[in-house]
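Spelled out from the first residue to the last, the chains are:
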Amino acid sequence: MLTKQILEKAFVKYGSLMFLETENMRIGFNAFLQPLRYKNKMYLSNVSTELSYNSTRKFLLISPVGVGVDIADGYAGIIKAKGLSLRIDHSELVYFKNEPVYCWSIVHVIDKEDENAD
């Protein structure tokens, strides 16, 4: 329980404010978002440059457990962060001693046209 509490404090203190939006709700939460630099290209569709910068606009999102970001699949909801609209590609809970402590997700930027098409 202590690990989860420490992480929750870190999300609040150091994380960026983001919003999970669906047709019926808007939930604010703090999380970490960074460009995805993944060596084996499993989530990058095998697209990267010489400097390992991914041109597909994918990011790593580390978020609190209780938010439920996995519904941001583009159909049920999206994530708004730092002026970007994001969809989840893949999401997993990370456990410590059989307790979920945070969620990591691979997300990608969607264009305004894609957002309005849903």
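Our subject is the structure that appears above.
Residues numbered from 1 in each chain as written. Predicted model: local features only at pLDDT ≥ 70, side-chain atom pairs only at ≥ 80, totals over all residues. Heavy atoms only, no water.

## So, the pairing of strand β2 (residues 26-35)
Spelled out, the test is: Any two strands with at least two DSSP bridges between them are considered paired. Helical segments are the DSSP runs of H or I of at least four residues, strand segments are the runs of E of at least two, and each set is numbered from the N terminus.
By the bridge criterion, 6 bridges tie strand β1 (residues 16-22) to β2 in an arrangement that is antiparallel. When the sheet's bridge partners are listed, L17 is paired in β2 with N30.

## Let's talk about unusual backbone geometry
The phi dihedral of K97 falls on the positive side, at around 55°, and the residue is not glycine. Among the secondary structure elements, K97 is positioned in the loop between β5 (84-96) and β6 (99-109). The residue N98 is not glycine, and still its phi comes out positive at about 65°.

## Structural notes on the sheet that holds β5
Where we set the bar: With axes taken as lines fitted to C-alpha atoms, and helix axes fitted only over the stretch in contact, angles between N-to-C directions fall between 0 and 180 degrees. A contact between two residues is defined here by any heavy atoms of the two lying within 4.5 Å.
The 6 strands lie next to each other as β1-β2-β3-β6-β5-β4, forming a closed barrel whose pairing is antiparallel. Strand-to-strand twist of the sheet, defined as the mean angle between neighbouring strand axes without regard to direction, takes the value 45°. Across 3 bridges, strand β4 (residues 77-81) lies against β5 in antiparallel orientation. Of the residues in β5, the one forming a bridge with I79 is L86. The strands that helix α1 (residues 2-14) touches are β1, β2, β3 (58-63), β5 and β6; relative to β6, the one it contacts most, it runs at about 35°.

## Quick word on the pattern of salt bridges
When the charged atoms of two side chains lie near each other, side chains of opposite charge can form a pair. Here is the rule we go by: The term salt bridge refers to a side-chain nitrogen of Lys or Arg lying within 4 Å of a carboxyl oxygen of Asp or Glu. Think of it in three bands: residues with accessible area under 20% of the maximum for their type are buried, residues over 50% are exposed, and the middle band is partly exposed, with areas taken using a 1.4 Å probe on protein chains only.
Summed over the entire model, instances satisfying the criterion amount to 2 salt bridges. Residue R26 pairs with E21 through a salt bridge whose shortest N-O separation is 2.8 Å. Residue classification places R26 among the exposed residues on the basis of a relative accessible area of 54%. The salt bridge partner of D89 is K58, with a shortest N-O separation of 2.5 Å. You can see D89 sitting in strand β5 and its partner K58 sitting in strand β3, a full 31 residues away along the chain.

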